[in-house]
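Here's the letter readout for the chains.
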Amino acid sequence: MSETLPSALKAASLDQAPPRRSALSTFLVGSLGHGGLMAGAIVLAAIVLIALAAPLVAPHDPYAQNLARRLIPPVWDARGTWDHILGTDKLGRDYLSRLIYGARISLLIGSVTVLISGTIGTAIGVCAGYFGGRVDAVLSYLVTTRLALPVVLVALASAALVGSSLQGVIVVLGLLLWDRFAVVTRAATQQIAGSDYIAAAKAIGCSTPRIVLTEILPNILNPLIVVATLEMAHAILLEAALSFLGLGVQPPLPSWGLMISEGKQYMFFSPWVIAIPAVALVFLVLAINLVGDGLRDVTAPENRN
Amino acid sequence: MLAFTLRRLVVALSVAFTVSVIAFALLHLSGDLAITIAGPEASPAQVEEVRHQYGLDRPLPIQYLDWLWHAAHLDFGNSFFFRESVTALISERMPVTMRLGAIALTLSLVVAVPLGVLAAVYRGTAIDRLALSFCVLGQAIPTFCLGLALIIVFAVNLRWLPVSGTATWQSYVLPSVALGWYAIPAVMRLSRNGMLEVLSQDYIRTARAKGLSPTKVVLKHALRNAIIPVVALAAVQFGFMLGGSIVVEAVFSMHGIGHLAWEAISRNDFPVVQAVVLILAGIYITLTFLADVVNALLDPRMRVA
């Protein structure tokens, strides 16, 4: 990390890792020996599988209401039934089924947001790092400006402007969360921009787009993947917060943040209504963060503390 | 040093300028203001009259400069919903958010810095691993989930603290914990890494060789230097906290500016939203500017930028 960045950029780049390529075998051995990475990967894989197979594994229709069976507690409660393992919500919808379909929303938002923000941030970061000088000054200024905006507030306001919906949330978060991508890819590109192979590519007359695509991008892939993982967790948390505040994903979609918000009025007598989606959210984010931290340790061991 | 300060000041001012354009755009993207102000029952002629009266028929750049002039004098116009001056609304609610942010920051520093120092001193031991796992887990818990959990445990079950509001100092305890929690991992990692770096320096070896007690070496010689980057991070985190307090204020029904902004967004009351965005960004820009200057004062290497 260069000493010259303002603190704002530094704070945003605490988790950045220097680029380093490792052979597939060392990578696999390293991954298998890394407990946190393995645990995170297993939990994450399980959640992804369940989300993909939602129609097969969900015991009920997540949207089917049954007002005669409202707020049934989970099965471990004395009043619970095996028919609704995690109970039902205030409209009598099966909570387990909603939880399973909710995983789809979180994962969809996390991955599409990261695709958008990753593209924007990487473009900005690589250009700033590769061209340097004026380009770098302008683009770094752009990042500083983005960091000055209070992200929750601007996301809420923009979501309200574009209309609160699943697509709206994805677009808003995608256009807001590119800052860390830019900071990390900028630093990574700066580190390799002076390398001999870049100079060689220039000398044999490669075009700039070609150098960026075939020389720079593959060599900053490791830190990029780490940031993408951590930013995915960030996007999922922000979506949950927006939906909790009523300006994200709208009912009747089973977003976990929305489930917590809908359960808030019942939490004094039926705390499980908010505890179940909250635990699911923590598990998903924890798993993604463990994978991200683990990948950083494995791909850039010199950066391990 | 003066050149450095001036350069940073220019950047800070231009970022503030860009943010003001964004805040202005936010209001004008929220719909036809003349219709919003005139109300739903107004006839087209009345709408035109409002448009003229409020100067909304002037070119946008003129309207922007006019708005900026007033904003610079802390006049943000009137709220559409509250029918009150935005400045009065904000100054009435600012103390709650400031108090919340200050307590939360203090709490997170009091927890995170000693934890980071301990983790560095006992590097690689169970204490270190415990502190790092605490960080990973901490980052995975969404602020609003933590807030609701704190309410259920400490306010509802144990009845130690109030559920919501801002009536007494006790009301600030749970919200501050929920808000401060989020900053702990970043501060802890930074103080741990800073401490590790300082502890490997020659003068620490000298201090040890002189026969100083380990406690004295750590607290008197090492901590002083390790704490410098934490000061800058703390300033940045305070800015983030003011922005993030919107979620905490919503959970605990505290009437600070976060809550105000949330209400305003839900009611399409964009003059208020605009002002809050501008003020929070302004505070953040000021804090990061000050942090950069203080850092450069303490560490001359920073002044090169």
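Definitions and cut-offs
Residue numbers run consecutively from 1 along every chain, following the written order of its sequence. All chains are assigned letters beginning at A, and all ligands numbers beginning at 1, according to the order in which they are written. Owing to the predicted nature of the model, reporting of local features is limited to residues with pLDDT of at least 70; listing and counting of side-chain atom pairs is limited to 80 or more, with chain, interface and lining totals taken over all residues. Side-chain descriptors were evaluated using all non-hydrogen atoms of the structure, hydrogens and water having been removed beforehand. The helix and strand labels rest on DSSP assignments: H or I over at least four residues marks a helix, E over at least two residues marks a strand, and numbering proceeds from the N terminus. Exposure classes here rest on a 1.4 Å probe applied to the protein chains alone. A residue is buried below 20% of its type maximum, exposed above 50%, and partly exposed in between. Throughout, a contact is declared for two residues whenever any of their heavy atoms are within 4.5 Å. We call a set of buried residues a nonpolar core when its members are Ala, Val, Leu, Ile, Met, Phe, Trp, Tyr or Cys and they connect through side-chain atoms within 4.5 Å of each other. Take the accessible area each of two parts loses on contact, using a 1.4 Å probe, and add the two losses: that sum is the buried area. The term salt bridge refers to a pairing of a side-chain nitrogen on Lys or Arg with a carboxyl oxygen on Asp or Glu at a separation within 4 Å. We call two N or O atoms a polar contact when they sit within 3.5 Å, provided that within protein one can donate a hydrogen and the other can accept it, with sequence-adjacent residues counted only if both atoms are side-chain atoms. By definition, disulfides here are pairs of cysteine sulfur atoms that lie within 2.5 Å. UniProt positions are given in the numbering used here, feature names are shortened, and annotations may be inferred rather than shown by experiment. A helix is expected to reach a length of 1.5 Å times the quantity of its residues less one. Like charges are joined within 9 Å and nonpolar side chains (Val, Leu, Ile, Met, Phe, Trp, Tyr) within 5 Å, but only among residues with over 30% relative accessible area and no salt bridge; these make up the patches. Per-residue and other accessible areas follow the Shrake-Rupley method at a 1.4 Å probe size, with only the shown protein chains counted as cover for residues. In this tally Asp and Glu are treated as negative and Lys and Arg as positive; neither His nor the chain ends contributes. By convention, charge coordinates are those of NZ in Lys, CZ in Arg, CG in Asp, or CD in Glu. Here the axes come from fitting lines to C-alpha atoms, over the contacting stretch only for helices, and the angles between their N-to-C directions go from 0 to 180 degrees. These descriptions rest on fixed angle ranges, namely under 35 degrees for roughly parallel, over 145 for roughly antiparallel, 65 to 115 for roughly perpendicular, and the rest for oblique. The hand of a helix crossing depends on one turn: near helix anticlockwise from the far one by less than a right angle means left-handed, and clockwise means right-handed. Three classes are used: nonpolar for Ala, Val, Leu, Ile, Met, Phe, Trp, Tyr, Cys and Pro, charged for Asp, Glu, Lys and Arg, and polar for all others, with Gly counted as polar.

Novice: Account for the overall build of chain A, naming residues and giving values.
Specialist: Scanning chain A for helices and strands turns up 14 helices and 0 strands. Going residue by residue from the N terminus, the α and β elements of chain A occur as α-α-α-α-α-α-α-α-α-α-α-α-α-α. Residue burial in chain A is summarised as follows: out of 305 residues, 57% are buried. Within chain A, contacts between residues separated by at least 24 positions form 74% of all contacts whose residues are at least 6 apart in sequence.

Novice: Describe the nonpolar core, naming the residues involved and giving the relevant values.
Specialist: Counting 155 residues, the largest nonpolar core has A:Ile260 and B:Phe144 as the members making the most contacts within it. Broken down by element, the residue count for this core peaks at 16 residues, all from helix α14 (residues 272-299) of chain A. Other than its neighbours up to four places away in sequence, A:Ile260 contacts A:Phe244, A:Ile274, A:Pro277, A:Ala278, A:Leu281, B:Phe144, B:Cys145 and B:Leu148. Core analysis: the next-biggest nonpolar cluster, separate from the first, contains 24 residues, B:Ala112, B:Val187, B:Met188 and B:Ala207 among them.

Novice: Requested: an account of the interface of chain A and chain B, with residues and values cited.
Specialist: With 46 residues of chain A at the contact, the number on the chain B side is 56 residues. Of the roughly 4,200 Å² buried at the junction of chain A and chain B (both faces included), carbon and sulfur atoms supply 77%. If you look at where chain A meets chain B, you find 0 salt bridges. Viewed at the interface, chain B and chain A are joined by 3 residue pairs in polar contact (both at pLDDT 80 or more). Looking at the side of chain A that touches chain B, the elements with two or more residues in it are α1 (7-12), α6 (133-148), α7 (151-162), α12 (221-244), α13 (256-263) and α14 of chain A.

Novice: Any details on the state of the cysteines? Residues and values, ideally.
Specialist: One pass over the full model with this rule turns up 0 disulfides over all chains. Here A:Cys206 stays free of any disulfide, with the sulfur of A:Cys127 as its closest cysteine sulfur at 17 Å. No disulfide involves B:Cys145; its sulfur sits 19 Å from that of B:Cys135, the nearest cysteine.

Novice: Explain the UniProt feature "transmembrane region" (unreviewed entry) in chain A to me, and be specific about the residues and the numbers.
Specialist: All names here are of chain A. The residues that UniProt annotates with the feature "transmembrane region" (unreviewed entry) are residues 37-58, 105-131, 151-178 and 269-291. This span, residues 105-131, is 100% helix and 0% strand, and a straight line between its end C-alpha atoms measures 38 Å. In this annotation, residues 269-291 is assigned 87% helix and 0% strand; the end-to-end C-alpha distance for the span is 36 Å.

Novice: Could you give an account of α14(A), naming the residues involved and the relevant values?
Specialist: Taking 1.5 Å of rise per residue, the 28 residues of α14(A) would be expected to cover 40 Å, and the 40 Å separating its terminal C-alpha atoms lies within 8% of that figure. Within α14(A), 24 of the 28 residues are buried, which leaves the element mostly enclosed by the surrounding structure.

Novice: Got a sec to walk through α7(A)? Specific residues and values, please.
Specialist: Taking 1.5 Å of rise per residue, 12 residues should cover 16 Å, and α7(A) covers 16 Å from first to last C-alpha, within 8% of that figure. Along α7(A), the residues that are buried comprise A:Val152, A:Leu153, A:Val154, A:Ala155, A:Leu156, A:Ala157, A:Ser158 and A:Ala159. Buried residues along α7(A) sit against α8 (166-176) and α12 of chain A together with α1 (2-29), α12 (228-251), α13 (257-266) and α14 (270-298) of chain B. Just downstream of α7(A) lies A:Gly163, where phi reads positive at about 95°.

Novice: Lay out a nonpolar patch on the surface with the relevant residues and their values.
Specialist: All names here are of chain B. Among the surface-exposed residues, Met 1, Val 231, Val 294, Leu 297 and Leu 298 lie close enough to one another that they form a single nonpolar patch of about 420 Å² accessible area. Here the nonpolar patch takes 3 residues from α14, the largest share from any one element. Accessibility expressed as a relative area gives 49% for Leu 298, which makes it partly exposed.

Novice: Just give me the short version of the side chain of B:Thr97, but keep the residues and values in it.
Specialist: Residue and element names in this part refer to chain B. Take Thr 97: it is sitting in helix α5 (residues 86-121). A polar contact of 2.8 Å, which involves the side chain of Thr 97, links it to the side chain of Glu 249. Apart from residues lying up to four places away in sequence, Thr 97 is in contact with Leu 242, Ser 245, Glu 249, Gly 256, Ile 257 and Gly 258.

Novice: Can you break down a positive patch on the surface residue by residue, with the values?
Specialist: A cluster of basic residues, B:Lys210, B:Lys216, B:Lys220 and B:Arg224, forms a positive patch at the surface. Structurally, B:Lys216 is set in helix α11 (residues 214-226).

Novice: Go over the UniProt feature "domain: ABC transmembrane type-1" (unreviewed entry) in chain A, please, and point to the residues and values.
Specialist: UniProt's entry tags residues 103-292 of chain A with the feature "domain: ABC transmembrane type-1" (unreviewed entry), counted in the numbering of this structure. Helix and strand shares over residues 103-292 of chain A are 82% and 0% respectively, and the end C-alpha atoms of the span are 19 Å apart.

Novice: Describe the pattern of salt bridges, with residues and values.
Specialist: Note on pairing: side chains with opposite charge can pair once their charged atoms come close. Overall, the coordinates contain 15 salt bridges over all chains when judged by the stated rule. For A:Asp179, the salt bridge identified is with A:Arg146, shortest N-O distance 3.3 Å. One end of the pair, A:Asp179, is in helix α9 (residues 179-193); the other, A:Arg146, is in helix α6, with 33 residues separating them in the sequence. When sorted by exposure, A:Asp179 lands in the same class as A:Arg146, which is buried. Here B:Asp66 and B:Arg58 are joined by a salt bridge, their closest N and O atoms 3.3 Å apart. When salt bridges that share partners are traced, they join A:Asp89, A:Arg93, A:Arg98 and A:Glu262 into one network.

Novice: Before we move on, could you go through the UniProt feature "transmembrane region" (unreviewed entry) in chain B and cite the residues and values that matter?
Specialist: All names here are of chain B. Residues annotated in UniProt with the feature "transmembrane region" (unreviewed entry) correspond here to residues 9-29, 100-122, 134-157, 169-188, 226-252 and 272-298. From the first C-alpha to the last, residues 169-188 spans 27 Å; its make-up is 70% helix and 0% strand. Secondary structure content for residues 272-298 is 100% helix and 0% strand, while the C-alpha to C-alpha distance between its ends is 39 Å.

Novice: Help me get a handle on the packing of α12(A) against α14(A), residues and values and all.
Specialist: Residues and elements named next belong to chain A. At a minimum axis distance of 9 Å, the contact between α12 and α14 shows a crossing angle of 165°. As summarised for this structure, α12 and α14 are arranged roughly antiparallel, according to the angle between their axes. Handedness of the crossing formed by α12 with α14: left-handed. Contacts between α12 and α14 involve Asn 222, Ile 225, Val 226, Thr 229, Leu 230, Met 232, Ala 233, Ile 236, Leu 237 and Ala 240 from the former and Leu 281, Leu 284, Val 285, Ile 288, Asn 289, Val 291, Gly 292, Asp 293, Leu 295, Arg 296 and Thr 299 from the latter. Among the residues making up the contact of α12 with α14, the classes are represented as 14 nonpolar, 5 polar and 2 charged.

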